[in-house]
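# Summary of the model geometry
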Amino acid sequence: MSLAHITVNSDSSHEDRAQAIRDTLRDAIVDRRLAPGTKLSESEVGALFDVSRTVVRAALQMLAYEGLVKAERNRGAFVSNPTPDEARQVFASRRLIEPGVVDAAIGRLTPAAAKQLRDHLVEETRHQHERGPSARRAEIKASGDFHLMLASLAGNAILEKFMDELIARSSLVIALYGRSGVSSCGHNDHADLLDALEAKDAAKARALMLHHLDHIEADLDLRMKEGLALKDALAL
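In this text the structure is predicted, and so the values were computed from the model without any measurement. (Residues numbered from 1 in each chain as written. Predicted model: local features only at pLDDT ≥ 70, side-chain atom pairs only at ≥ 80, totals over all residues. Heavy atoms only, no water.)

### Side note on the overall build of the protein
- Secondary structure assignment for the protein yields ten helices and three strands.
- Put simply, the protein has 236 residues, and 46% of those count as buried.
- When contacts within the protein are restricted to residue pairs at least 6 apart in sequence, long-range pairs at least 24 apart make up 78% of them.
- Accessible surface computed for the protein: about 11900 Å², of which carbon and sulfur atoms make up 51%. (Helix = DSSP H or I, 4+ residues; strand = E, 2+ residues; numbered from the N terminus. Buried < 20%, exposed > 50% of the residue type's maximum accessible area, 1.4 Å probe, protein only. Contact = heavy atoms within 4.5 Å. Areas by Shrake-Rupley, 256 points an atom, 1.4 Å probe, with all protein chains shown as cover.)

### Observations regarding the packing of helix H4 (residues 84-106) against helix H7 (residues 157-177)
- Between H4 and H7, the least distance of the axes is 10 Å, while the angle of their chain directions is 140°. As judged from the angle between their axes, H4 and H7 are oblique. For the pair H4 and H7, the sense of crossing is left-handed. Note on element contacts: H7 touches H4 through Leu159, Met163, Leu166, Ile167, Arg169, Ser170, Val173 and Ile174, opposite Ala87, Val90, Phe91, Ser93, Arg94, Ile97, Glu98 and Val101.
- Tallied by class, residues from the contact of H4 with H7 come to eleven nonpolar, two polar and three charged. (Axes fitted to C-alpha atoms, helices over the stretch in contact; angles between N-to-C directions. Parallel < 35°, antiparallel > 145°, perpendicular 65-115°, else oblique. Left-handed = near helix turned anticlockwise from the far one by under 90°. Nonpolar A, V, L, I, M, F, W, Y, C, P; charged D, E, K, R; others polar.)

### Describing the layout of surface pockets
- If you add up the space inside the largest pocket, you get close to 550 Å³.
- Along its surface, the largest pocket is lined by 25 residues, and Arg22, Arg26, Glu66, Asp164 and Ala168 are the ones closest to its centre.
- When residues of the lining of the largest pocket are traced back to their parent elements, those giving at least two are helix H1 (14-30), helix H3 (53-65), helix H6 (133-154) and H7.
- Looking at which element gives the most residues to the lining of the largest pocket, the answer is H7, with eight residues. (1 Å grid on protein atoms, 1.4 Å probe; cavity = no way out; pocket = protein on both sides within 12 Å on 5 of 7 lines; lining within 4 Å. Points joined across faces, edges and corners; volume = space filled by probe spheres on them.)

### A few points about the nonpolar core
- One finds Leu25, Leu34, Leu40 and Leu197 to be the most contacted residues of the largest nonpolar core, which totals 62 residues.
- A total of ten residues in this core trace back to one element, the largest contributor, which is H7.
- When residues no more than four places from it in sequence are discounted, the contact partners of Leu197 are Val102, Ile106, Leu109, Leu150 and Ala205. (Core = buried A, V, L, I, M, F, W, Y, C linked by side-chain atoms within 4.5 Å.)

### A closer look at helix H8 (residues 189-198)
- Among all positions of H8, only Asp189, His190, Leu193, Leu194, Ala196 and Leu197 are buried. End-on, the buried residues of H8 take up no more than an arc of 160°, which puts them together on one face.
- Positioned one or two residues after H8, Lys200 has a phi angle of 60°, which is positive. (Arc of directions from axis to C-beta.)

### Section: unusual backbone geometry
- One non-glycine residue with positive phi stands out, namely Asn74, at about 65°.
- Tracing the sequence through the fold places Asn74 in the loop between strand E2 (69-72) and strand E3 (76-79).

### With respect to the pairing of E2
- Judged from the four bridges that link them, E2 and E3 form a sheet pairing that is antiparallel. Note on E3: the bridge partner recorded for Lys70 is Phe78.
- Taken together, E2 and the strand that follows it, E3, pair antiparallel across an intervening segment of three residues, in which Asn74 is found at a positive phi of about 65°. (Pairing = 2+ DSSP bridges.)

See below:
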């Protein structure tokens, strides 16, 4: 990846430059080119992208909000390093919350909402049949988006906020530790879940959601990966 692929120049706004840097760093984290625990020095990132530390700080704050970067006082920013226990806690939390999401969503599922979810499943399936790092990123994002769509359908803003954070953390864990070439969700889990929702079978939908989360967690390989140095990982 080179600077030509992103828009970071003096004509861009502060927000645009920060967003472009965030996108590039995020891709490197999700692709596992930047390993958990890698330090993201403001001065080094700023030099690589030829921007001020203020712009870099804004980009790192975006990543920290998503749970992809951890800022440590007097030490700087690091790629988040979820331990096996933390990964399990993420999925334990989802098992507590997402059956409730199903219960709340099932009574609010209109034909229009069901069609939107079906259309999303078509996009998911397309990514599942593609290969390469960009397809893997797209598949992880599409999977997470399905769960966020259900949370939005539930009509509870607080619940949706919790789910947004959990999905961000789950996506990091899946990107770092998911086995390559294997769908993190399976080809039919979401479709089966949506069938149960449309049938208004809450008990079956809750059971399918729990089975689905078990499936995702079972696909994780929680051994730590060795990444590249920041400059090499970004190929700048």
